[in-house]
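# Chains, contacts and geometry: an overview
Listed below are the residues making up each chain.
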Amino acid sequence: MSAVIQPATTPGKADTPRETSGTRLAVRRFLRNRLAVAGLGVVVFFVLFCFVGPLVYSTDQTHTALQQVNLSPGGAHWLGTDAVGHDELGRLMYGGKVSLIVGLAAGVLATVIGTLWGAAAGYAGGWIDAVMMRIVDAGIAIPALFILLVVSAITTPGLAGLILILGLVSWLVPSRLIRAETLSLKNRDYVLTLRAIGGTHARAILRHILPNSVSTIIVATTFQIADAILLVAYVSYLGLGVQPPATDWGGMLSAGLTAAYSGYWWLILPPGLAIILVVWAFNAIGDGLRDAFDVRGRG
Amino acid sequence: MTATQASAVPAAEPILELDGLGVVFTAESAQVPAVRGVSLHVRPGETLALVGESGSGKSTVALAAMGLLAGNARVSGRAVIAGTDIVGADEAGLAALRGRTVSMVFQEPATALDPLTRIGKQIAEVIRNHRDVSAKDAAAQAVDLLRRVGIPEPEKRVEAYPFQLSGGQRQRVVIAMAIANDPALLIADEPTTALDVTVQAEILDLLRRLAAETGTGVLLVTHNMGVVADFADRVAVMYHGRIVETGPVEDVLLRPSHEYTRRLLAAVPRLSVAEADKRAPAGEARRDDGPGSGSGTAPVVELRDISVVFGRGKRAVRALDGVSLDVRPGETLGLVGESGSGKSTVARVALGLIPPTSGTVSLFGADLARTRSRARRALRSGIGVVLQDPVASLDARMTVGECVAEPLRVHRRELSAQERRSRIEAVLERVRLPREVVRRAPGELSGGQRQRVSLARALVLEPRLLVADEPTSALDVSVQESVLEVITELQDELGFACLFVSHDLAVVQHFARRVAVMRAGRIEEQGPTGETLLHPETAYTRRLLAAVPVPDPVVQRGRRAERLATLAAGLTEAGA
């Protein structure tokens, strides 16, 4: 019986299994989520497809080739050609590059702005917080699409301009998430302890609040990227995105739609499916990361 | 009284019988056995206390007896309530049993009630779930039940929402729901742990009366030996999922036979009370002569006439009202009081985390409000802080070494990595932690180890003042003892002053040289611990002391009788 008894300093905890480090546990949980892994696979596939693909399957996407318009799939053109004779498969790679770059950059930009804004509001508290969050509320009340249409009507944005505009209209939701996180973190005992012994605000934010918000930030970023890719598709579909001969998946969809009644399905299905797949994939990754990172879940 | 009753009924069939009960949880990475081969029984009218430290499996036993375990639990053995085996019973059978034959009182009354439903309706619902009673009759019975559990003006209070009641009243409502259908068995899992001592005493009185009136068997799950002494007829001691000792309360608490029980009881801080001196000689305040203590020296921290008001206008709440106190070098001031009395607010004002609405705080002789922020920051290098929650006190994303290094990185930036490392190792050794913990994550340590990491962080700068806000309240008694020992030892060695906030009068009595008793934002009385806690001057302190149950059933019986007599006398006195 006495074998059961241990020194008083190690209570009941002794026989619980040793916990592996947080990151490794998160990775393991993520890998166990099949949808998330599938999503990651889809994203990797499309990145390779758009950025490495053109090296293998080289096509001319700048000059029109009017002698070979609207060819159906087969022969030299695996996915046929479009209304100005561009190879559709090559165009899918070319347009995907724009969609992915704009989506990724705008999603990251939105999260960065949102994180800074939300963290500042949450940490400052009081009336500063109130004013900053009312600005966010007002922004959320205006539909993003409406702003995009107005802006596009005024100017024709380039690639950088598009990223900037998309980032500026979609940082509101992540800012709310990060503010909530900051509000709870700034009153944690370890932050109070740091402040009580004379630690600076900068140290509290940089060493404690941001590192502990990382999971929230990463998850927010994935969802923002998914949203941004969809938003680029909207904008381009309405003809307000990047201008020809450049294109993206939304633009391709828009161009293909005019040919829908002629039965040229290869101009609609591939870009449409690509958008759906990539947006779904980023959402699946986001879900998987959220579940994997959920530190609260394991007490 | 309850003891004689118990001996009168042992012939009755047990209402609860556990036979070789085992519970294994399937965790993410392993199978964790929580309960192994537990056998016990509760007879009608009898109270069995299931005691043990956190992780011993006592709550798991209670939940298993209700069939309420989570889906990842595998149960073996038998758990029979009134002839029905709970293990393997279907959900419909369990539902018929729960709330009717057996009901449960949980620890936290705030979460046990639906916040959006009037309490009368919640009680009536429990009644109508099991009995064919009209809505009107059920409502009338709800009023009756509220009266039985001692809620004043029950006719009006049935219309109240849970948030309109105090914690103690909410627990009374939970108890009313539990006894609504006259259950044969009541399972109470730490029913008073979330409550203040005076409220705890009232709730225990209530449970005792109800159980005696109706002959209900009670399975009381608790870690508090005082509660056991006050309430239980028999005791079962759990350790690592097993029962190591069972017996009548007087045998187990006064003549424990198992070594673990002996050690557990030895670790319980005992309140020495004037009338029980011969039984509990455990100690006057043992910190009578700290180095450098004495009224002649200048105080390390001094609060003068501090008031703190939260909010503005009508909704303003006066959290502190004219609080003055000081802590001198090398001495420990214990700050005690019930929840909401403002003791933690005092600690935070002393730390400069909450600016006082009026009054002055001087730290190491400098008025905090008048020092510039840079100078204030430097002053604060002389403070160490240990807070209550061992989980929230350490940043889970840092290693133990980084946590302890933080004060050095703030105030001793000139140190080389090498010097920093040697200081961290030295201070970890001082709090009796092995050197290897430096690279571990806080999440891998036990609660007691984490509190010692907090202490190491607080002491790494060799502060002149340690502010400890309930540093051991979340810990088991045996762990609490070792943490307090470490603090005492280091205080002798380093000579820092200590502001020690606690709700536990026994701990303060052992640990602090002087004590200040707080109530509703004011200091009710303060003085040397030996004087104030043995011969209190105010009625409030006397009431507070009388409500603390001591882990000796014989002494506690006398104390209870005395407390009830004083209370009765107090009522007539108040009328005059």
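Residues numbered from 1 in each chain as written. Chains lettered and ligands numbered in written order. Predicted model: local features only at pLDDT ≥ 70, side-chain atom pairs only at ≥ 80, totals over all residues.

## Some thoughts on the overall build of chain B
For clarity, the threshold we go by: Numbering of helices and strands runs from the N terminus, with a helix taken as a DSSP run of H or I at least four residues long and a strand as a DSSP run of E at least two residues long. Here the radius of gyration uses the C-alpha set of atoms, whereas the globule reference equals 2.2 Å times the residue count to the power 0.38. Here a residue counts as buried when 20 or more other C-beta atoms fall within 10 Å of its C-beta, as exposed when 12 or fewer do, and as partly exposed in between; the C-beta atoms come from the backbone. Working definition of a contact: two residues with C-beta atoms, positioned from the backbone, lying within 7 Å.
Each helix and strand counted, chain B has 22 helices and 20 strands in total. Against the globule reference of 25 Å for 576 residues, chain B gives a C-alpha radius of gyration of 26 Å, in line with a compact fold. Across the 576 residues that make up chain B, the buried fraction comes to 49%. Residue pairs at least 24 apart in sequence account for 69% of intrachain contacts in chain B once pairs closer than 6 positions are excluded.

## Notes on the sheet that holds strand β5 (residues 84-85) of chain B
Residue and element names in this part refer to chain B. The condition that has to hold: For two strands to count as paired, DSSP must find a minimum of two bridges between them.
One open sheet holds the four strands; their spatial order is β2-β1-β4-β5, and the pairing between them is antiparallel. Looking at the sheet topology across the chains shown, the edges are occupied by β2 (31-42) and β5. The sheet contact formed by strand β1 (residues 16-26) and β2 spans eight bridges and is antiparallel. From the neighbouring strand, L18 faces β2, where its bridge partner is L40.

## Considerations on the environment of A:L192
Note that A:L192 resides in helix α9 (residues 189-196). Judged by the 20 C-beta atoms lying within 10 Å of it, A:L192 falls in the buried class. With 12 residues separating them along the chain, A:L192 and A:A204 place their C-alpha atoms 9.1 Å apart. Beyond its immediate sequence surroundings of up to four residues, A:L192 is in contact with A:N187, B:L353 and B:L387.

## Points about the packing of helix α9 (residues 197-214) of chain B against helix α21 (residues 539-547) of chain B
Each pair of packed helices can be described by the angle between their axes along with the distance between the axes. Residue and element names in this part refer to chain B. Applied cut-off: Angles here are taken between N-to-C directions and fall from 0 to 180 degrees, while the axes themselves are lines fitted to C-alpha atoms, restricted in helices to the stretch in contact. By definition in this entry, angles of less than 35 degrees are roughly parallel, angles greater than 145 are roughly antiparallel, angles of 65 to 115 are roughly perpendicular, and the rest are oblique. With the far helix as reference, a near helix turned anticlockwise by less than a right angle produces a left-handed crossing, and one turned clockwise produces a right-handed crossing. Classification convention: Asp, Glu, Lys, Arg as charged; Ala, Val, Leu, Ile, Met, Phe, Trp, Tyr, Cys, Pro as nonpolar; all other residues, Gly among them, as polar.
Remark: α9 packs on α21, axes separated minimally by 8 Å, with the N-to-C direction vectors making an angle of 50°. If you check the angle between α9 and α21, you find them oblique. Along this stretch, α9 crosses α21, giving a crossing that reads as left-handed. Contacts from V197, T198, Q200 and A201 of α9 reach α21 at R543, L544 and A547. Per-class residue counts for the contact of α9 with α21 are four nonpolar, two polar and one charged.

## Notes on unusual backbone geometry
Residue and element names in this part refer to chain B. Backbone geometry at H240 places phi at a positive 50°, although glycine is not the residue there. Position of H240 among the secondary structure elements: in the loop between β9 (234-239) and β10 (242-248). The backbone phi angle of E462 is positive, close to 50°, even though this residue is not glycine. Relative to the helices and strands, E462 resides in the loop between α17 (447-459) and β17 (465-469). According to the C-beta neighbour criterion, E462 is partly exposed, with 14 such atoms within 10 Å.

## A word on the domain arrangement of chain B
Interface size, as often reported, equals the accessible area lost upon joining of the parts. All names here are of chain B. Note the cut-off: Throughout, the edges of the domains are those of an automatic or database domain assignment.
When its domains are assigned, chain B resolves into domain 1 (2-270) and domain 2 (301-549). The C-alpha-based centres of domain 1 and domain 2 are spaced at 35 Å. Contact with domain 1, which involves 18 residues of that partner, is made by 14 residues of domain 2. Of all the secondary structure elements, the ones that give two or more residues to the side of domain 1 that touches domain 2 are α9, α10 (225-231) and α12 (259-267). For the side of domain 1 that touches domain 2, the class distribution of residues is eight nonpolar, five polar and five charged.

## Observations concerning the sheet that holds strand β20 (residues 522-528) of chain B
All names here are of chain B. If you walk across this open sheet you meet the six strands as β16-β17-β18-β13-β19-β20, and the pairing is mixed. Of all the strands in the sheet, just β16 (383-386) and β20 have a single pairing partner and so form its edges. Within the sheet, the average angular offset between the axes of one strand and its neighbour, ignoring direction, is 15°. Taken together, the six bridges between strand β19 (residues 514-519) and β20 define a ladder with antiparallel strand orientation. Its bridge partner being in β20, V517 is matched across the sheet by E525. Running at roughly 170° to β16, α17 makes contact with β16 and β17 of the sheet.

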